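Examining the three-dimensional arrangement
Residue strings, one per chain:
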Amino acid sequence: MTTESTIDIDTSLHPLDDPVRASLRGEHRRFASWVGRVGRYDPEVARFFGHPPVFDDQDWADLATLLGPGGSTALRGYGHVPPADWTVLDEFGSVQMDGTALRVAHDPELDVLTAADVPEILDLIARTEPGPYAPRTIEMGTYLGLRVDGRLVAMAGERLHPPGWTEISAVCTDAEFRGRGFAARLIRAVGAGIRARGETPFLHAVAHNATAISLYETLGFTLRKRSPLTIVQAPALSSPTPTPNQPSNRQDAVHH
């Protein structure tokens, strides 16, 4: 594994153009593993891999080392052509939204979630499928929840943390309680905490999720960037077998 002092830093890139590596070099370095220019989160925390905008042969080899045989991940950006023994599993679009104009508001009725709440969080995530959430994702930032009669029915929190920015993620509401404005309250409250630190919120969504994107726009988010995601699978030493590192579907590949 590479030490942080030898990791390349492309200062020409905006932090949001390389949010995973920017987070792993900074606020989230305690979760990072590196091989060459490719970094990954501890899989108990998140499934994301960071990579340079353009791969060379060594980058593909380094990514394969971090993934392990048959492992897969999503690559952000254009023009990725994996080696012949790799497999392209899927391709789809994502959007990145800038929350500079997000209208934030603290909400004293929301609970700050802790590690003790993880079983409830994972149950809510399984029911609502907002995107990937691992047992230790809660360590990435502050997560807020809304309870009805003691039951966790909605949540949102902080995930990627490139310099000056914090991603709002895991925005979800139990189907029984949708249409009550819970998601908007949670986004504004998480954004208030981010803004109080002097940082700016941002988020990601699948490009075809028009409902979510429309909500974010009504709250003040603006489109910053569209980007394709290419899910690639490293060569397997034997027959391909899913591993804990592999996204199970498109939701797992996108930062929501």
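Coordinates for the structure precede this section.
All figures in this text were calculated on a predicted structure; none of them were measured in a lab.

Some words on the overall build of the protein
On a plain count of helices and strands, the protein comes out with six helices and 11 strands. Within the protein, the fraction of its 256 residues that count as buried is 53%. Restricting to contacts in the protein with at least 6 residues of sequence separation, those with at least 24 account for 73%. Carbon together with sulfur atoms contributes 53% to the accessible area of the protein, which is approximately 11,400 Å² in total.

Looking at the layout of surface pockets
Considering only enclosed or pocket space, the largest pocket measures out at about 540 Å³ in volume. In terms of lining, the largest pocket is formed by 21 residues, of which the most central are Val 171, Cys 172, Thr 173, Arg 178 and Ala 212. Mapped onto the lining of the largest pocket, the elements with two or more residues apiece are strand 9 (165-173), helix 4 (182-196) and helix 5 (210-219). When residues of the lining of the largest pocket are assigned to their parent elements, the largest contribution, four residues, is made by helix 5. Residues of the lining of the largest pocket, tallied by class, amount to 10 nonpolar, eight polar and three charged.

Things to note about helix 4
Spanning 15 residues, helix 4 covers 21 Å between terminal C-alpha atoms, matching the ideal 21 Å at 1.5 Å per step. Listing the buried residues of helix 4 in full gives Phe 182, Ala 183, Ala 184, Leu 186, Ile 187, Ala 189, Val 190, Gly 191, Ala 192 and Ile 194. Once helix 4 finishes, Gly 198 follows within two positions and takes phi at roughly 80 degrees, a positive value.

Side note on the nonpolar core
Residues Met 97, Ile 168, Val 171, Ile 187, Tyr 216 and Phe 221 are the most contacted members of the largest nonpolar core, which totals 27 residues. Contributions of two or more residues to this core are made by strand 5 (87-98), strand 7 (143-148), strand 8 (151-158), strand 9, helix 4, strand 10 (200-206) and helix 5. Broken down by element, this core gets its largest block of residues, eight residues, from helix 4. Leaving out residues up to four positions away in the same chain, Met 97 has contacts with Phe 202, Leu 203, Ile 213, Tyr 216, Glu 217, Phe 221, Thr 222, Leu 223 and Arg 224. Judged by nonpolar contacts, the second largest core, of 13 residues, contains Leu 16, Val 20, Val 45 and Trp 165.

Considering the sheet that holds strand 2 (residues 38-41)
With antiparallel pairing, three strands are arranged side by side in an open sheet as 1-2-3. Either end of the sheet is taken by a strand with one partner, and the two such strands are strand 1 (32-35) and strand 3 (49-50). Pairing of strand 2 with strand 3 involves two bridges; the strand directions are antiparallel. Within strand 3, the residue paired with Gly 39 across the bridge is Gly 50. Contacting strand 1, strand 2 and strand 3, helix 2 (residues 57-67) crosses the sheet at an angle of about 20 degrees to strand 2.

Digging into the sheet that holds strand 4 (residues 72-76)
Strand pairing within a sheet occurs via backbone hydrogen bonds; the two strands may be parallel or antiparallel. Taken in spatial order, the eight strands of this open sheet run 4-11-5-10-9-8-7-6, and their pairing is mixed. Strands at the two margins of the open sheet, each flanked by one partner only, are strand 4 and strand 6 (111-112). Across the sheet, helix 2 lies against strand 4 and strand 11 (222-233), angled at about 140 degrees from strand 4, the strand it touches most.

Thresholds applied
- Residues numbered from 1 in each chain as written.
- Predicted model: local features only at pLDDT ≥ 70, side-chain atom pairs only at ≥ 80, totals over all residues.
- Heavy atoms only, no water.
- Helix = DSSP H or I, 4+ residues; strand = E, 2+ residues; numbered from the N terminus.
- Buried < 20%, exposed > 50% of the residue type's maximum accessible area, 1.4 Å probe, protein only.
- Contact = heavy atoms within 4.5 Å.
- Areas by Shrake-Rupley, 256 points an atom, 1.4 Å probe, with all protein chains shown as cover.
- 1 Å grid on protein atoms, 1.4 Å probe; cavity = no way out; pocket = protein on both sides within 12 Å on 5 of 7 lines; lining within 4 Å.
- Points joined across faces, edges and corners; volume = space filled by probe spheres on them.
- Nonpolar A, V, L, I, M, F, W, Y, C, P; charged D, E, K, R; others polar.
- Expected span 1.5 Å × (residues − 1).
- Core = buried A, V, L, I, M, F, W, Y, C linked by side-chain atoms within 4.5 Å.
- Pairing = 2+ DSSP bridges.
- Axes fitted to C-alpha atoms, helices over the stretch in contact; angles between N-to-C directions.

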